[in-house]
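In case you want the letters, here they are:
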There are 4 protein chains.
Amino acid sequence: MRDKCGVVGVRFDAEKNRDAAALYIYYALQALQHRGQESAGIAVTNGSCLLSDKGMGLVSDYFSRERLQKLAGYAGIGHVRYSTTGGSRPENSQPYTVTYKGGTIAIAHNGNLVNYRELKKELEAEGRVFNSDSDTEVIAQMLARELIRNDIVEAVKEAMKRLVGSYSLVILIGDKVIGVRDPLGFKPLCIGRVDGGYVLASESAAIDTLNGELVRDVAPGEMVVLGDKIESYRLFRCKNHAHCMFEYVYFARPDSIIDGRLVYKVRHKIGETLARECPTEADIVSPVPDSGITSAIGYSNGSSIPYAEALIKNRYVNRTFIMPVQELRETAVRLKLNTVRSNIEGKRVILIDDSIVRGTTSRRIVDLLRRGGAREIHVRIGSPPIISPCYLGIDMATREELIAAHKSVKGVEFLIGATSLYYISLDGLVDAIGMPKEDLCMGCLTGVYPIEIPGEKCEDKQMKLNHFVSE
Amino acid sequence: MRDKCGVVGVRFDAEKNRDAAALYIYYALQALQHRGQESAGIAVTNGSCLLSDKGMGLVSDYFSRERLQKLAGYAGIGHVRYSTTGGSRPENSQPYTVTYKGGTIAIAHNGNLVNYRELKKELEAEGRVFNSDSDTEVIAQMLARELIRNDIVEAVKEAMKRLVGSYSLVILIGDKVIGVRDPLGFKPLCIGRVDGGYVLASESAAIDTLNGELVRDVAPGEMVVLGDKIESYRLFRCKNHAHCMFEYVYFARPDSIIDGRLVYKVRHKIGETLARECPTEADIVSPVPDSGITSAIGYSNGSSIPYAEALIKNRYVNRTFIMPVQELRETAVRLKLNTVRSNIEGKRVILIDDSIVRGTTSRRIVDLLRRGGAREIHVRIGSPPIISPCYLGIDMATREELIAAHKSVKGVEFLIGATSLYYISLDGLVDAIGMPKEDLCMGCLTGVYPIEIPGEKCEDKQMKLNHFVSE
Amino acid sequence: MRDKCGVVGVRFDAEKNRDAAALYIYYALQALQHRGQESAGIAVTNGSCLLSDKGMGLVSDYFSRERLQKLAGYAGIGHVRYSTTGGSRPENSQPYTVTYKGGTIAIAHNGNLVNYRELKKELEAEGRVFNSDSDTEVIAQMLARELIRNDIVEAVKEAMKRLVGSYSLVILIGDKVIGVRDPLGFKPLCIGRVDGGYVLASESAAIDTLNGELVRDVAPGEMVVLGDKIESYRLFRCKNHAHCMFEYVYFARPDSIIDGRLVYKVRHKIGETLARECPTEADIVSPVPDSGITSAIGYSNGSSIPYAEALIKNRYVNRTFIMPVQELRETAVRLKLNTVRSNIEGKRVILIDDSIVRGTTSRRIVDLLRRGGAREIHVRIGSPPIISPCYLGIDMATREELIAAHKSVKGVEFLIGATSLYYISLDGLVDAIGMPKEDLCMGCLTGVYPIEIPGEKCEDKQMKLNHFVSE
Amino acid sequence: MRDKCGVVGVRFDAEKNRDAAALYIYYALQALQHRGQESAGIAVTNGSCLLSDKGMGLVSDYFSRERLQKLAGYAGIGHVRYSTTGGSRPENSQPYTVTYKGGTIAIAHNGNLVNYRELKKELEAEGRVFNSDSDTEVIAQMLARELIRNDIVEAVKEAMKRLVGSYSLVILIGDKVIGVRDPLGFKPLCIGRVDGGYVLASESAAIDTLNGELVRDVAPGEMVVLGDKIESYRLFRCKNHAHCMFEYVYFARPDSIIDGRLVYKVRHKIGETLARECPTEADIVSPVPDSGITSAIGYSNGSSIPYAEALIKNRYVNRTFIMPVQELRETAVRLKLNTVRSNIEGKRVILIDDSIVRGTTSRRIVDLLRRGGAREIHVRIGSPPIISPCYLGIDMATREELIAAHKSVKGVEFLIGATSLYYISLDGLVDAIGMPKEDLCMGCLTGVYPIEIPGEKCEDKQMKLNHFVSE
């Protein structure tokens, strides 16, 4: 499934914990709710049959006690889906389940296949039919095709050979819970241990919620099979990886550890780096809540400028409708954010945000601070300018909509009305994340992508994709 | 209506803005959503008839575009209701509307009448009947009784003479929007100006959301009538007031100004005061989110101990159910809060919270930090020990449940497992709020109440209640 | 409450059957569902408190097992409400409950108070307030007023002195279940015995459903109190009554016995009478289903013309929407009714219907038969022409809409396109019902009403209303 | 899809009526609502894309004006599904839609494939995957497989060669609406003409509702393609057919014409035949409503015993729950049926029902009449004893549950408590239907099936199935 999503897998010893998989998945999905609020789903097995339930809305809204109790099993997977701008349809809920000659397959997917239309055509040419327009169904069909002639490991390997794009998958085949991460490791996936079993999750915070222990990340190109112990198969090995830097900057929870790096620490260091790269005199440093909070704390620590809340977020406003009453035109932003006047009146404010996409929201926030009496508003951004679209699963915007694709930093500064604007440097960001530049996907920042995208530049990193070495 | 609630009133010039009252109320109620998530209601008038709609849930969930569009009028009131532990029934939604000889009355109430059973008996003795068990219906009936023989101002005054307790009321009589605050000023209520009209709201943040301007607080004992201008009637005047100190400590939004004090500033000063009153060596200061955040920032500023987030709050978990699986027993707290390990491992942590009621949550949070590796956990509380129940509208707990009613500070410290525990001093809190001790209600902290409560001690302050001076 | 409605009361011996009242009411209301499908409600008492639940929709849709189980009590009342053309609002659901000095009152009402605005003004003048616009609230308030100074019997009598109009009431005061019927006996109400208790119901079919036994009708002007036995108070006695003839013709179930007459028998005789009064040669006699069925059987028996179904009713079509597609204009009637071609093609058809109100439906049905090939269509109506509106609780139409108020029988015949049209004679109908003409309300047929209606003629019957004799 | 269902197809000239297909389907499905109340679905095409919507509940409950308006197209199909005892799941709603190499296919199915597990295995062996457990998905996959190498007509023919069982299909491929009926013609399907287009429907009553004209039945083994005209392909031709006799006895609407026979006429003749085959003296003849009504009229006409309603059906009771209160044990039947006492007291009653499956309901109804005072109760059944299960799509019961599979007529008579019991003779039924015995499926009556069922006897009729002649 495209876009930011969350996946979970749970496998208990069938003797010890016959029924609890769904409950653990339920809690883990709530811990991953920030990765997707559109729909939620759980599929479990009791060893003889697959039980599945999914629906629109938050995990805790959709899954009642009754629904959960019907999902008795010792192994299972779960999914939360992000609401994209386009169609939010019940059919797109996951896990996606199919039956095939050998039994049942359920798949939960975080990522985006770049070549899914090509693969779909190939499968259709064999006479296969499709029920949805999702890339996850394509993966399911490819897996089913391979599973007829291969064992599970071979089948996954054969399918992976053909998949181009980002995918962190949690798969339930029979009563095996399988975790797969694409060879470049775009999207996170980690393994945890809980009492009596193992867990897979998009983020380690979900394992903490289950009172479990983070074992390690699933490696790029690795397939793990949860059973009484964890079996590991390093199916593909690239010289370098392509971890999405946006997980650290914006998506993941600050309390999650992703590919060995605590997100909180990265964001804190982003703040420190911004303070160091562009020293600025000011009275307070303040975040755009919530994503800018940790970096603003880091900036304050790095600069000794006091941390203060210039903006208060209304946590109850999700959906609302704005009617075209002249005086209420700016209501949308004021419903979500309000200024703390005494913190900004006559003050020089350093405002920390994670990124600028279209620039509209930034302009409105700067305007809000300006009306609140701020003397100077210095906007500092925790990521370099976004100049190119994401093809690997983030529904950010088209190139036309990306303000930094068309305007210089000075141009953006003018447009959003800031006293000054500074984006963290690419090296600064890489340094804050703490892994080699070569192991990050920064296509949206550089326009050079780790895999071939028609019409876009491509680094030679992914060329090694096919020189895999199976363990 | 008992408990924390939010009220709104809007009055436009009928010539200029015939239909927009409900839309403004809708946005203002969303700004007050933190004061009550159980139910929401709006009543408006178009000059000839009263239109009313109310239902369970969040403002933005219940009020669809269709519902709002049916509420065309130029004057109206709104209410959000807090979910109490007991019965959450549709019938208790507000505004409460009645017809009487002279027309219609709609009332939205924040507060709690202490003598409402006595008043109800008196009204029943006259043969009156009641449809609900709410104190708001009692107020409505008393008003209706007086309105038959008096003009509106006299009627409100006569009714207020009999009301004992806390009440901030917004009333719609005909097309007049009236604001009333009890003579001791327990609950907040303020006046704002918007383009083409006036607004009443529990908190000034609601006025900000409407792009309006805070005019002033409604004074204790004052009645204001919104029309083409604001008419004011100082019906009762006490030597001292009894503002609820918990609005500053916990209830209100930090960006609201209540009785002239910005809540953010009070909370920040509470943090500074805690740092000064009880200096403690530590590596970080961290809040229990969200209510402890501003005080923790203040503590950091006051102590130069770095501010850091030891706990991350999952903002998507509202309702969830916890099943009795042994290993998941502590799931409830872990679903809401997770530790940021690197911030606490081996660290001495100062943890800021607003208050301790039963002590259970504090114990769980301390335990969470302890397991996360914190070396020392110094708990600092932004309010003095709560030793006595609230009779004025806060559904906190019975005296039996209040841990500080039975245990010394040392006893509570032991029970919650903290390395040390310190509550702000009463004088420290009063100083942080910045108004004379005599003007605050601190019954729950001292056991001495500003009005007579059977079986409780009473300060002589409220004795002046009857020596009112009408303007 | 205005219009066709159904009421139920159940009283068990508290020792023997503490909890089952709601369940019996639930089944009885389903038996009365034809009298109202808009909303349903139940109020019961367990001896110490009143429990009440009501909502929109069918009895079996609204009342789940969970809802019923919460209504544990040994005495209670129930109501189903008919959907009027105007506002179908949750607030209008019954039973209507109030508390007053002496306790609680719940009322379920079938009928229509003619003087309710006048009574409401009088009550408002005393300073009373109202929550709804219903005449049932007026009755509740009047009762509460009297109950303060009188015992129940006196209170009901005093209230009844003032009520003008039709009312069959079932009232729960404390744990007493009371049945009241207006002095003219417009609307039905009967008493039944079930194992361990007594029942009140609008129709005897509800008693059959409970496997109970019909004891007798409540007499006009009588009040009965269900307890360990049935207490009876003949509060008012008129020389004549005013039973609504439409209950026999259309409203009631054919298996109900109302005021001693089995509805099936009346309708059968109406058919026989039509055959006798207006002998017609034809090939088949057919009803407009469902209300014409029994009379058509009677016509067939009386005339020896074979009974056949010319029209089949689709029982699943309740609500539907008709879009203005030219070819589908007549869809509304065709969705509900379809012809059985072989029964009508080239045939002379006698079509039996209960009444003609606006004439539109009759015109469409005749047209349907005509297109189906019927050679002759002789329409026979089981009631005389309706020439005047009903003020006593039937939401039939205004005088302007009543076709027979403006057209002769020939004129109506022409308009609906029938080969011939014949209405039963007034005497024929009276004879079929089997009670003296003086004991029936036939205001809508004669324009002469049994009570004073401003602007309408009035028979001297009701003049005796005030010469009541209390037992 | 298994069991009694209803299917519809509509095709307009795209130039003349671009958007109305869904509206026509909506009305036609309501006319077929008696064939399935569990779920409803509509799929249409506007020439470029397929729009589909389906959900649980009645057609008029699920399809709001908004839902319908989104389904703008000039060709489409619809389905209503019957609620089987087992799982009523949203996933089983139809039309079932898939995409394949050549485009989209939507299928609505009435019937039951006997060999669908075998076909599914074969498809799975080719590596295909399945999303549901329905036989309709099997048909869709087989069609898609053939459509890759064949044109539509060839593809349907190739698929039909493999399908064993009952199937009346309405298929939307691209913008072609196709009707297919299995070579034995088990389930009905007919063609109609409406203004500007053509219609397919399970029953002709749906065509009447659309103000259309019945053209003819789709022949067994025929495929029709609706376009600007009707193309017909007689793909298979058997010497004999196997029309389900239960459509005439029970399922279909009496106003429908199925395979040239008006259902009303068949049922009327069943009644006449019962009167002739087993002459009985009695006072009245009465139906078990609704399915026995027409036969009871026929019996009355044939015997000159007066037709009367002994039982009144409550049309509002669909779902209800029965609690184990001793006195209410028989409530379920009494909620649905009540006796008209005067019609049965002391009377000899002939009671007409369509069939006896388990015998439980018959026993309860006879008991009801007995308690109502009937002197003699002569039960007459419009179908011969059911001694064997249905494998062709009727979810009647297992052989163990079928009372006539284990008991003689005398035995059943005793069990249900009737004075006498008579089933129509097989020849009598065949004669009433009016087609050769060889053209009817009477497997449930004889135990001899027209197709091979493992473990059951088989007539040689179906052997000709493969000697088809394509036109």
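As recorded in an unreviewed UniProt entry, chain A goes by the name Amidophosphoribosyltransferase, listed as coming from Methanocella conradii. Under the UniProt heading Pathway (unreviewed entry), the note attached to chain A is "Purine metabolism; IMP biosynthesis via de novo pathway; N(1)-(5-phospho-D-ribosyl)glycinamide from 5-phospho-alpha-D-ribose 1-diphosphate: step 1/2." If you open the UniProt record of chain A and go to Catalytic activity (unreviewed entry), you find "5-phospho-beta-D-ribosylamine + L-glutamate + diphosphate = 5-phospho-alpha-D-ribose 1-diphosphate + L-glutamine + H2O".

Trainee: So, the sheet that holds strand S12 (residues 222-226) of chain A: which residues are in play, and what are the values?
Mentor: Residue and element names in this part refer to chain A. One open sheet accounts for six strands, arranged S5-S6-S7-S8-S12-S13; its pairing is antiparallel. Of all strands in the sheet, those bounded by a partner on one side alone are strand S5 (96-100) and strand S13 (230-234). For this sheet, the mean angle separating the axes of adjacent strands, direction not counted, is 20°. Direction of pairing for strand S7 (residues 165-173) relative to strand S8 (residues 176-181): antiparallel, over a ladder of six bridges. Counterpart to Ser168 in the pairing with S8 is Arg181.

Trainee: Can you tell me about the pattern of salt bridges, naming the residues and giving the values?
Mentor: The final tally for this structure, using the stated rule, is 120 salt bridges over all chains. For the salt bridge of Arg145 of chain B with Glu146 of chain B, the shortest nitrogen-to-oxygen distance reads 3.8 Å. No difference in accessibility class separates Arg145 of chain B from Glu146 of chain B, as the two residues are buried. Note that Asp133 of chain C is salt-bridged to Arg117 of chain C, the shortest N-O span being 3.9 Å. Of the two residues, Asp133 of chain C is situated in the loop between helix H4 (116-125) and helix H5 (135-149) and Arg117 of chain C in helix H4; the sequence distance between them amounts to 16 residues. Taking the relative accessible area as the measure of exposure, Asp133 of chain C reaches 42% and is therefore partly exposed. Residues joined by salt bridges that share partners form a network here, namely Glu122, Glu126, Arg128, Arg145, Glu146, Arg149 and Arg162 of chain A.

Trainee: Lay out the confidence of the model for chain A with the relevant residues and their values.
Mentor: Residues and elements named next belong to chain A. In this model, chain A carries a mean pLDDT of 90, and residues with pLDDT of at least 70 account for 92%. pLDDT under 50 marks residues 465-471. Its contacts with residues more than four places away, or in other chains, come to 18 contacts. With a pTM of 0.87, the predicted complex shows an ipTM of 0.91.

Trainee: An account of the sheet that holds strand S3 (residues 50-56) of chain D is needed here, citing residue identities and associated values.
Mentor: Residues and elements named next belong to chain D. With respect to topology, seven strands assemble into an open sheet ordered S3-S2-S4-S1-S10-S9-S11, the strand pairing being antiparallel. Every interior strand has two partners, whereas the edge strands, S3 and strand S11 (213-217), have only one. Ignoring strand direction, the axes of neighbouring strands in this sheet form an average angle of 15°. In this sheet, strand S10 (residues 197-201) lies alongside strand S1 (residues 5-12) in antiparallel orientation, the contact comprising five bridges. Bridged to Phe12 within S10 is Gly197.

Trainee: Account for unusual backbone geometry, naming residues and giving values.
Mentor: A cis amide bond links Gln94 of chain B with the next residue in sequence, Pro95 of chain B, at an omega value of 0°. Turning to its location among the elements, Pro95 of chain B is positioned in the loop between strand S4 (75-81) and strand S5 (96-100). Positive phi values are uncommon outside glycine, yet Asn211 of chain A reaches one of about 60°. Judged by its relative accessible area of 38%, Asn211 of chain A falls in the partly exposed class. Even without being glycine, Asp259 of chain A reaches a positive phi, approximately 50°.

Trainee: Quick one: what's the story with the packing of aromatic side chains, residue by residue and with numbers?
Mentor: Each aromatic ring pair is described using two quantities: the centre-to-centre distance and the angle formed by the ring planes. Inspection of every chain in the model, using the stated rule, returns 26 aromatic pairs over all chains. Ring geometry for Phe12 of chain B and Tyr24 of chain B: centres 4.8 Å apart, planes at 75°, overall edge-to-face. With a gap of twelve residues between them, Phe12 of chain B in strand S1 (residues 5-12) and Tyr24 of chain B in helix H1 (residues 21-31) connect regions that are remote in the sequence. The two residues Phe12 of chain B and Tyr24 of chain B agree in class, both being buried. Taking 5.2 Å as the distance between ring centres and 55° as the angle between the ring planes, the aromatic pair formed by Tyr26 of chain C and Tyr27 of chain C counts as tilted. Each member of the pair, Tyr26 of chain C together with Tyr27 of chain C, is buried. Three or more aromatic residues link up through ring pairs in this structure, and these residues are Phe246, Tyr250 and Phe251 of chain A. Of note, Lys120 of chain A hangs over the ring of Phe130 of chain A, and the distance from its end group to the ring centre comes to 5.0 Å.

Trainee: Before we move on, could you go through the UniProt feature "active site" (unreviewed entry) in chain A and cite the residues and values that matter?
Mentor: Residue and element names in this part refer to chain A. According to UniProt, the "active site" (unreviewed entry) feature falls on Cys5. Here Cys5 is to be found in strand S1 (residues 5-12). Taking the relative accessible area as the measure of exposure, Cys5 reaches 0% and is therefore buried. When near neighbours in sequence (up to four residues on either side) are disregarded, Cys5 contacts Arg35, His79, Val80, Arg81, Tyr82, His109, Asn110 and Ser202.

Trainee: An account of the domain arrangement of chain A is needed here, citing residue identities and associated values.
Mentor: Considered domain by domain, chain A is made up of domain 1 (6-237) and domain 2 (263-433). If you average the C-alpha positions of domain 1 of chain A and of domain 2 of chain A, the two centres end up 35 Å apart.

Trainee: Tell me about the relation of the copies chain D and chain A, and please be specific about residues and values.
Mentor: Of the two same-sequence chains, chain D is brought onto chain A (RMSD 0.1 Å, axial shift 0.2 Å) by a rotation of 179°. In symmetry terms, the pair is related by a two-fold rotation axis. Among all residues of chain D, the minimum C-alpha distance to the rotation axis is found for Arg128 of chain D, at 3.2 Å. Comparing interface residues between copies, 100% of those in chain D also sit at the interface in chain A, which points to an isologous, same-surface contact.

Trainee: Hey, could you go over the interface of chain B and chain A for me, with residue numbers and the actual values?
Mentor: Facing 61 residues of chain B, the contacting portion of chain A comprises 61 residues. Of the roughly 5500 Å² buried between chain B and chain A on both sides combined, carbon and sulfur atoms contribute 57%. Remark: the boundary between chain B and chain A carries two salt bridges. Linking Asp290 of chain B and Arg315 of chain A is a salt bridge whose minimum nitrogen-to-oxygen distance equals 3.1 Å. Our count for the chain B to chain A interface comes out at 18 residue pairs in polar contact (both at pLDDT 80 or more). No other element matches the six residues that H1 of chain B contributes to the side of chain B that touches chain A. For the side of chain B that touches chain A, the class distribution of residues is 28 nonpolar, 19 polar and 14 charged.

Rules used throughout
- The written sequence of each chain sets the order in which its residues are numbered from 1.
- Lettering of chains starts at A and numbering of ligands starts at 1, both following the order in which they are written.
- A pLDDT threshold of at least 70 governs which residues receive local features in this predicted model, and a stricter bar of 80 or more applies before side-chain atom pairs are shown or counted, although totals over entire chains, interfaces and linings include all residues.
- Side-chain numbers come from the whole structure's heavy atoms, not from hydrogens or water.
- UniProt positions are given in the numbering used here, feature names are shortened, and annotations may be inferred rather than shown by experiment.
- Criterion used throughout: strands pair if DSSP finds at least two bridges between them.
- Elements are defined by DSSP. Helices are runs of H or I of four residues or more, strands are runs of E of two residues or more, and each kind is numbered from the N terminus.
- Each axis is a line fitted through C-alpha atoms, taken for helices only over the stretch in contact, and angles between the N-to-C directions span 0 to 180 degrees.
- Here, a salt bridge means any side-chain nitrogen of Lys or Arg that lies within 4 Å of a carboxyl oxygen of Asp or Glu.
- For every residue, the accessible area (1.4 Å probe, protein chains only) is compared with the maximum for its type, and the residue is labelled buried under 20%, exposed over 50%, or partly exposed between those bounds.
- The pLDDT value expresses, per residue, how confident the predictor is, ranging between 0 and 100.
- Note on contacts: a residue pair qualifies if any of its non-hydrogen atoms lie within 4.5 Å across the two residues.
- When the centres of two rings from Phe, Tyr and Trp lie within 6.5 Å, Trp using its six-membered ring, the rings pair. Their planes under 30 degrees apart give stacked, over 60 give edge-to-face, and anything left gives tilted.
- Only lysine NZ and arginine CZ atoms are considered, and such an atom sits over a ring when it is within 6 Å of the ring centre and within 35 degrees of the ring normal.
- Domain start and stop points were drawn from an automatic or database domain assignment.
- Copy-to-copy superposition: least squares on the C-alpha atoms, limited to residues that have pLDDT of at least 70 in both copies.
- Here's the idea: put two parts together, see how much 1.4 Å probe accessible area each one loses, and the total over both is what we call buried area.
- We call two N or O atoms a polar contact when they sit within 3.5 Å, provided that within protein one can donate a hydrogen and the other can accept it, with sequence-adjacent residues counted only if both atoms are side-chain atoms.
- Put simply, Ala, Val, Leu, Ile, Met, Phe, Trp, Tyr, Cys and Pro go in the nonpolar bin, Asp, Glu, Lys and Arg in the charged bin, and everything else, Gly too, in the polar bin.

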